[in-house]
Amino acid sequence: MSITNAARAQLLKTLVGIARNGDAAGLQSLLCGVGLPALSRDDEPALQIHEALLSSDKYADSAKSVAKLLARLIRQRMNAPAQQIDDDVYVYNLFLLATRLPRVNDLFEGLLSFHETGFGGRVTLANARNRAGAQLQRALAEQQPDARLRDYWMGLLRQGVRDWNPARRTELLEAWWGLLNTLDFENAPDDATTALDDALRTLHDSVEGHPEGLGLLQLALWRLDSAFPLDSATWVGMLAPYWKQWPELLQDIAAECWPALHPQARDDMPLLPDNLSRIWESLEVADRGKFRDILRRNAAEDGRQFLKSMIFHAPQVVGMTPQEVRAGLKKLGEHLWPAENKAHPAFPQHETGEREDAEPTRRHAKRPSFDRIAHLEIVNRTLSEIERRLGEGDEAVARRYLDELLEQQRGSPLADQHVHTAKTLAKAAAIVQRFGKLEWAESLLRTACKENHDDNISACGLADVLKARGELEAAEVQYRQNVARWPNDEVPACGLADVLKARGELEAAEVQYRQNVERWPNNEVSACGLADVLKARGELEAAEAQYRQN
């Protein structure tokens, strides 16, 4: 075990004891930085506490217990004289930890009371930059279970008399995130879409005319799309009635995100080459009707998906093989919606005079790399939401979000989509493993190994999960396979030594540890493991020497 992991394990043990005994004073001391391991002077106490909680197999239970103690500390702080506590460290870390923990109603009520009391009287936030006040805002956004603060976030979105500067931009983005967390598209879709329409109009009015306004609106819509795992057709169905009434700039940016919002009329099927015309004529009447509707809306993405869905039940065309028909369906989509006709980013109205100069640069922009980055951010955001749902005990929703995310990834046009899918499966497995759901984690990792046979991270993760489940024989087999496939990777080699030690095969474990130490002398896991196995074998003098070297 590394020094960092050992320190984290000791801190977790302390936190479990604090939670079990309801020791609010003990948690307060830790938040003030007293009794924490000396890992890094730059790590805030709240972040060290949360990292320790994440290392627990029972994260949900431990985190909720700590959250309840945190709520008690917040109430105590409201009633305490300011001079009793170092605000710069303690109050900031109170709110920072609240931002990271799962939603607990008592914790939100304490934060809300603190917020409504205001930063005056006996509640003093001493830091001149008001970082504690900003962190309280973030904690409220993450912990809110309902829409009570919606008016507050809307008030921050309104421009009013505020000056435009970097602080205002940050305030707008944080207020936008807070407002998004009040929306419930699953249980109250009408209320959510109405509030979203109002918020988008307000944000547009606040940033229109500013040089950064376009980018901020684009970022706001991207955050909206990534915050809720809904498909494009669902978004279009919800927003289309409002979109027609939006200002032109907001319409253009929304149509970038969801092109089907901007239908361009096409009365009938355009002229087609002979081979594509034969495929068109062979379609069933119902399919042609659906396709004509897509054409009238000019919903390119819907059209491509529609044609893609027909590949597995392609029509029979006289004189054409099934392979030629499937290729023809793809060409039909390319003929109707050529790739070069994709929409380009819209320019705000006040920049129209610069469009001629900007046009050549815009034409040669490399869109695919941006798309990959955006896709990765969506994946990470969804995984964070899955982790939050698991922390709140909502496993069914977490599973549904993960299934939808994997379905979207497998439908990606990227040639290496299997690599990205395997990475997502491995990341999801690491999350569910932290919550003690080892069977689910094993299933995800086995699927990841099938998606990408060359993914050593998934293969090593599978061996680790098997070891955690107590299936030591299967874990040893997996570790040996990994060592054979990736002989230059120290992770499976160290894992093999660890599982041999766990199985009681101390002599074989010692041999493996010595090989690892010789090959990777800076690997502290192998060095510490060797000392441990020497001690277990009764070779205390050799163990002492190894410990001293370590």
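Residues numbered from 1 in each chain as written. Predicted model: local features only at pLDDT ≥ 70, side-chain atom pairs only at ≥ 80, totals over all residues. Heavy atoms only, no water.

## Section: the overall build of the protein chain
- From N to C terminus, the protein chain includes 28 helices and zero strands.
- Relative to its 550 residues, the protein chain shows a buried fraction of 43%.
- By sequence separation, contacts in the protein chain at least 24 residues apart represent 63% of the contacts at least 6 residues apart. (Helix = DSSP H or I, 4+ residues; strand = E, 2+ residues; numbered from the N terminus. Buried < 20%, exposed > 50% of the residue type's maximum accessible area, 1.4 Å probe, protein only. Contact = heavy atoms within 4.5 Å.)

## Examining the nonpolar core
- In terms of nonpolar packing, the biggest core is built from 149 residues, with Leu 27, Leu 31, Trp 176 and Leu 196 touching the most fellow members.
- For this core, the leading source of residues is helix α4 (residues 59–78), giving 11 residues.
- Not counting residues within four places of it along the chain, the set of residues in contact with Leu 196 comprises Trp 176, Leu 180, Leu 183, Phe 185, Leu 224, Trp 235 and Leu 239. (Core = buried A, V, L, I, M, F, W, Y, C linked by side-chain atoms within 4.5 Å.)

## Quick word on the packing of aromatic side chains
- Throughout the structure, instances matching the rule amount to seven aromatic pairs.
- Geometrically, the ring pair formed by Tyr 59 and Phe 435 is edge-to-face, given 5.1 Å between the ring centres and 85° between the ring planes. With Tyr 59 in helix α4 and Phe 435 in the loop between α21 (417–434) and α22 (438–451), this pair connects stretches of sequence that are 376 residues apart.
- Taking the relative accessible area as the measure of exposure, Tyr 59 reaches 4% and is therefore buried.
- Seen from their ring centres, Phe 185 and Phe 228 are 4.9 Å apart, and the 80° between their planes marks the pair as edge-to-face. Within this pair, whereas Phe 185 is found in the loop between α9 (166–180) and α10 (189–207), its partner Phe 228 is found in the loop between α11 (213–227) and α12 (232–243), the two being separated by 43 residues in sequence.
- Ring pairing ties together the aromatic residues Phe 185, Phe 228, Trp 235 and Trp 258, which thus form one cluster.
- Note that Arg 399 overlies the ring of Trp 440, its terminal NZ or CZ placed 3.9 Å from the centroid. (Phe/Tyr/Trp six-rings, centres within 6.5 Å; stacked < 30°, edge-to-face > 60°. Lys NZ or Arg CZ within 6 Å of the ring centre and 35° of its normal.)

## Side note on α22
- Its 14 residues give α22 an end-to-end C-alpha distance of 20 Å, which sits within 8% of 20 Å, the value for a rise of 1.5 Å per residue.
- Of all the positions in α22, only Trp 440, Ala 441, Glu 442, Leu 444, Leu 445, Ala 448 and Cys 449 are classed as buried. (Expected span 1.5 Å × (residues − 1).)

## Focus: the side chain of Arg 388
- In this structure, Arg 388 sits in helix α19 (residues 367–391).
- On the basis of relative accessibility, which here comes to 18%, the residue Arg 388 falls in the buried class.
- A polar contact is formed between the side chain of Arg 388 and the side chain of Glu 385, at a distance of 2.6 Å. (Polar contact = N/O pair within 3.5 Å; in protein donor to acceptor, adjacent residues only side chain to side chain.)

## Here we look at helix α23 (residues 456–468)
- Taking 1.5 Å as the rise per residue, α23 with 13 residues should run 18 Å; its terminal C-alpha atoms sit 18 Å apart, in good agreement.
- Turning to α23, its buried residues are Ser 458, Ala 459, Cys 460, Gly 461, Leu 462, Ala 463, Val 465 and Leu 466.
- Close packing links the buried residues of α23 with α21, α22, α24 (472–485) and α25 (490–502).
- Residue Asp 455 occupies the N-cap position of α23, its side-chain oxygen lying 3.1 Å from the main-chain nitrogen of Ile 457.
- Residue Gly 470 follows α23 closely and has a positive phi angle near 85°.

## Quick notes on the pattern of salt bridges
- Within the structure shown, the criterion is met by 30 salt bridges.
- Here Asp 191 makes a salt bridge to Arg 150, at a shortest N to O gap of 3.1 Å. In this pair, Asp 191 sits in helix α10 while Arg 150 sits in helix α8 (residues 150–157), placing the two residues 41 residues apart along the sequence.
- Look at Asp 191 and you get partly exposed, because its relative accessible area is 40%. (Salt bridge = Lys/Arg side-chain N within 4 Å of Asp/Glu carboxyl O.)

## Points about the packing of α11 against helix α13 (residues 248–257)
- With their axes 10 Å apart at the nearest point, α11 and α13 run at an angle of 45° to one another. Taken together, the axes of α11 and α13 are oblique relative to one another. Once α11 is placed against α13, the crossing between them reads as right-handed. Judged by residue contacts, Leu 214, Leu 217, Gln 218, Leu 221 and Asp 225 of α11 engage Leu 249, Leu 250, Ile 253, Ala 254, Glu 256 and Cys 257 from α13. (Axes fitted to C-alpha atoms, helices over the stretch in contact; angles between N-to-C directions. Parallel < 35°, antiparallel > 145°, perpendicular 65-115°, else oblique. Left-handed = near helix turned anticlockwise from the far one by under 90°.)

## What to know about the packing of helix α20 (residues 395–410) against α22
- Relative to each other, α20 and α22 sit at 5°, their axes nearing to 14 Å. In terms of their interaxial angle, α20 and α22 are classed as roughly parallel. Here α20 contributes Glu 395, Ala 398, Arg 399, Leu 402 and Arg 410 to the contact with α22, which in turn contributes Trp 440, Leu 444, Thr 447 and Glu 451.

## Describing the environment of Ala 25
- Assignment of secondary structure puts Ala 25 in helix α2 (residues 24–31).
- A relative accessible area of 52% means that Ala 25 is categorised as exposed.
- A sequence separation of 44 residues divides Ala 25 from Leu 69, and the C-alpha atoms of the two residues are 9.2 Å apart.

## Focus: the side chain of Ser 56
- Assignment of secondary structure puts Ser 56 in the loop between α3 (45–54) and α4.
- Owing to a relative accessible area of 9%, Ser 56 belongs among the buried residues under this scheme.
- Not counting the four nearest positions on each side in its chain, Ser 56 is found in contact with Leu 12, Ser 62 and Arg 434.

## Focus on the environment of Arg 150
- Under the relative-accessibility criterion, Arg 150 is labelled buried at 12%.
- Leaving out residues up to four positions away in the same chain, Arg 150 has contacts with Leu 179, Thr 182, Leu 183, Asp 191 and Ala 195.
- A distance of 3.1 Å separates a polar atom in the side chain of Arg 150 from the backbone oxygen of Thr 182.
- Only 3.1 Å separates the side chain of Arg 150 from the side chain of Asp 191, close enough to count as a polar contact.

## What to know about the confidence of the model for the protein chain
- Residues with a pLDDT of 70 or more make up 84% of the protein chain, whose mean pLDDT is 80.
- Looking over the protein chain, one finds the lowest element-wise mean pLDDT in helix α18 (residues 355–363), namely 37, and the highest in α10, namely 92.
- Across residues 119–128, confidence stays below pLDDT 50; counting only partners more than four residues off in sequence or on other chains, it has 21 contacts. (pLDDT = per-residue confidence, 0-100.)

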